[in-house]
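Breakdown of the fold
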Amino acid sequence: MEAISLGLGLLIAVVLLIAIALLLIVTRLFRKVEQGKALIISKTKKVDVTFTGAVVLPVLHKAESMDISVKTIEIRRTGREGLICQDNIRADIHITFFVRVNKTVEDVIKVAQAIGTERASDKVAIQEFFAAKFSEALKTVGKQLDFVDLYTKREEFRDRIIRVIGTDLNGYHLDDAAIDFLEQTPMVQLDGANILDAQGIRKITELTAIEHVRTNEFQRTEQKEITRQDVDARETILELERRQAEAEIKQRREVETLRAREEAATARVQEEERLGAQAAFIRTEEQLGIQRENQAREIAVAQKNRERVIAVENERIEKDRLIEVIGRERQTELNRIAATKEVEAERREVADVIRERIAVDRTVAEQEESIKTLRSVEESERTRKSVIIAAEAEAQEQLVKDIKAAEAAEAAATHRAAEQLTLAEARLKTADLDARAKLRLAEGVRAESAAPGLADVQVRDAAAEVIEKTGLAEAEATSARLRAEAEGSRLKALAAAEGTRAQATADAAMIGEKLKAEAAGLTDKAAAMAALDDASRGHEEYRLRLAAEKEIRLAGLDVQRQVAEAQATVLATGLENADIDIVGGESVFFDRLVSSISMGKSLDGFVENSDTAKALGGAWLNGTSSFTEDLTRVLGSVTSGDVQNLTVSALLMRMMAAPGVGAGADADRVRELLDHARSLGLADLPVGAVPPPSRNGTPVP
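No experiment lies behind these values; they were computed from the predicted model shown.

Reading guide: rules and limits
- Residues numbered from 1 in each chain as written.
- Predicted model: local features only at pLDDT ≥ 70, side-chain atom pairs only at ≥ 80, totals over all residues.
- Heavy atoms only, no water.
- Helix = DSSP H or I, 4+ residues; strand = E, 2+ residues; numbered from the N terminus.
- Buried < 20%, exposed > 50% of the residue type's maximum accessible area, 1.4 Å probe, protein only.
- Contact = heavy atoms within 4.5 Å.
- Areas by Shrake-Rupley, 256 points an atom, 1.4 Å probe, with all protein chains shown as cover.
- Phe/Tyr/Trp six-rings, centres within 6.5 Å; stacked < 30°, edge-to-face > 60°.
- Lys NZ or Arg CZ within 6 Å of the ring centre and 35° of its normal.
- Salt bridge = Lys/Arg side-chain N within 4 Å of Asp/Glu carboxyl O.
- pLDDT = per-residue confidence, 0-100.
- Expected span 1.5 Å × (residues − 1).
- Bend = angle between axes of the 7 residues up to and from the residue.
- Pairing = 2+ DSSP bridges.
- Axes fitted to C-alpha atoms, helices over the stretch in contact; angles between N-to-C directions.

Now for the overall build of the protein chain. Looking only at helices and strands, the protein chain features 15 helices and ten strands. A buried classification covers 24% of the 701 residues belonging to the protein chain. Summarising the internal contacts of the protein chain: among those between residues at least 6 apart in sequence, 67% fall at separations of at least 24. Within the structure as shown, the protein chain displays about 47000 Å² of accessible surface, and the carbon and sulfur contribution to it stands at 58%.

Here we take up the packing of aromatic side chains. Tallied over the entire structure, the rule returns five aromatic pairs. Ring geometry for Phe 129 against Phe 130: centres 4.7 Å apart, planes inclined by 90°, an arrangement best described as edge-to-face. We classify Phe 129 as partly exposed; its relative accessible area is 42%. Exposure remark for Phe 130: the relative accessible area of 2% places this residue in the buried category. Measuring from ring centre to ring centre gives 5.2 Å for Phe 130 and Tyr 172, while their planes differ by 80°; the resulting arrangement is edge-to-face. Of this pair, Phe 130 sits in helix α3 (residues 123-142) while Tyr 172 sits in strand β10 (residues 172-184), and the two are 42 residues apart along the sequence. An aromatic cluster is present here, built from Phe 97, Phe 129, Phe 130, Phe 134 and Tyr 172 joined pairwise through their rings. Taking NZ or CZ as reference, Lys 103 lies 5.7 Å from the ring centre of Phe 51, over its face.

In this section: the pattern of salt bridges. Evaluated as defined, the whole model comprises 33 salt bridges. Glu 256 is the salt-bridge partner of Arg 259, the closest N and O atoms lying 3.0 Å from each other. One end of the pair, Arg 259, and the other, Glu 256, are both in helix α6 (residues 195-370), three residues apart, so they sit about a helical turn from each other. Taking the relative accessible area as the measure of exposure, Glu 256 reaches 43% and is therefore partly exposed. Among the salt bridges present, the one from Glu 565 reaches Arg 561, with a minimum N-O distance of 2.6 Å. Pair noted here: Glu 565 and Arg 561 are both in helix α9 (residues 534-574), with a separation of four residues, about one helical turn. Residue classification places Glu 565 among the partly exposed residues on the basis of a relative accessible area of 43%. Overlapping salt bridges, with partners in common, bring together Glu 239, Arg 242, Arg 243 and Glu 246 in one network.

Overall, the predicted model of the protein chain reaches an average pLDDT of 80, with 84% of residues at or above 70. For the protein chain, the element scoring lowest by mean pLDDT is helix α13 (residues 640-645), at 56; strand β8 (residues 90-101) scores highest, at 91. Considering only residues more than four positions removed or in separate chains, one finds that residues 694-701, a stretch of pLDDT under 50, has eleven contacts.

Time to look at helix α2 (residues 105-121). The terminal C-alpha atoms of α2 lie 16 Å apart, and with 17 residues this falls more than 12% below the ideal 24 Å at 1.5 Å per residue. For α2, the principal kink sits at Ile 115 and spans about 95°. Restricting attention to buried positions, one finds in α2 the residues Asp 107, Val 108, Ile 109, Val 111, Ala 112, Ile 115, Thr 117 and Ala 120.

As a further point, take the sheet that holds strand β3 (residues 47-50). Sheet architecture is open: three strands sit in the order β3-β2-β5, paired in antiparallel fashion. Both outer strands of the open sheet, β3 and β5 (62-67), are each paired with one neighbouring strand and no more. Within the sheet, the average angular offset between the axes of one strand and its neighbour, ignoring direction, is 25°. As paired elements, strand β2 (residues 37-42) and β5 share six bridges and run antiparallel to each other. Across the sheet, the residue bridging to Lys 37 is Asp 67, located in β5. Packed onto the sheet, α2 meets β2, β3 and β5 and runs at close to 85° relative to β5.

Right under this line is the structure:
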């Protein structure tokens, strides 16, 4: 029993040892697999793949681990390598692909057999392995979309890429793709020589221009909208401020109105009280004023009655004076109209004569036009006629002046008479008024001094009557005397005017008859000239020419005579006190005399106005030296033969060069003589031709 028990015990122990040993062996050979990895066990006849773990026997098995987790493959295309879109616009793009080994035994074995477990686990190797394929798919899909669609439809773009690439990549599986960056390639990085880039640049320019325009429109619209909103807001603010101001003003006005109403009510009550007080005072003053007005009215009525009486009297006097003035003006106007009528009649007669004269002149002019050879004679005739017409006009003018002077004298006499009469009447009226005034004054004084006594008043009244009568008498006498003087003056003026008018009429008639006779004579003369033959006409022309030359020569002689008389007058005036001897005759004598006087005056003016001449000849002009003595003394130093052949200047220059004279006072004196001779115009004359000096030192021509 014990042996059995021992055998069982040993058996159990061996089993336990074997189990422990097996357990230790299995524990040491079992390899666990991490998540995201796969364990590939190559056995003698097959290859096993486990994703959890397996026992790997040494020597018999080969275990390889492969990373099957998701890996990222990043594709970057920028700048000149940018993605070209359907519209040939390049785009810079960064896209990331998510790739992993498909978690199946076949795919893992396929990948391991294709690139090996080590390269399959390397990210760089996978990047190089799939870069070309993904880039090609990216360019294929990018060329199918415009840039705008590419940018706005990223999801579609991504799906298209995945569809082109596919999800089964020889054991790999493409899980997803993400676009990290997508922008247009800057234009500075584009190649203008590339046709695709050139088209892209054009497209970009067009699109950006359109967008710029739109942007500008949006900006301007934004500015306008902002400005409009600002304006609306400002208008709203102003309107609110206006309403606020109106409300404030309205409130202030209401307050002021209420205050004014209260003040007015207070003032009205005060004024009513004051009115009641003043009413009593006014009623009292009114009663007193009525009494004073009654008193003043009675006084004024008395004064008005007195003024009315005086005004009636003055009106009567003024009426009489106006009637007399109107009568005088009427008589004066009638006289002036009558004189005007007479003058007009005389003017008409003179005008008739002038018209006849003009008709005759027209006839004469026609005859002169027909007789061309008598033009010069007719010219003199026309000149004579013009003189006659001028004389006629002058005579008529003088006649009119005389008539007007007579009328003026008559009017002046009339006015003087009227003036004297008016003055007399004025004095008369003045005296009358003075007398009446004194009378009224006396009456007033009498009324005022009625109390002192009636006797005194009567005496004054009598004196006033005496003064009145005296004034009236003197006025009447003065008026009568002035009327007589005025009448005499008027009759005298009328007589003078009548005489002047008769003389003017007679002169006008005489001039008219004279002009008529001359016109008839000219008419007859023209007819006779027209009737003459050539020989007679030539003889008559010759005779008229001789007569005209005779008149011209007589006129020239008369002019010469007048000139000679004027010269004689001038000469007599100039030589009235002169004491000179002159040799010559006729015009030579007068011309030399006038020339001498002119030269003397010119020399005097030159010496008076020239400081240099005064300085040089001062000694000779003021009498301290004698020009003749100095010249004689100087000439004495030379011989007479030399002097005869030398001019004054040459002689003086030679004397200055002579020994003993070249320096000192003698040299200065000779130099002054030379300057003086030059100023007198004698420097270039020979010494023998120098005229002798006169008494005052001035050379005589």
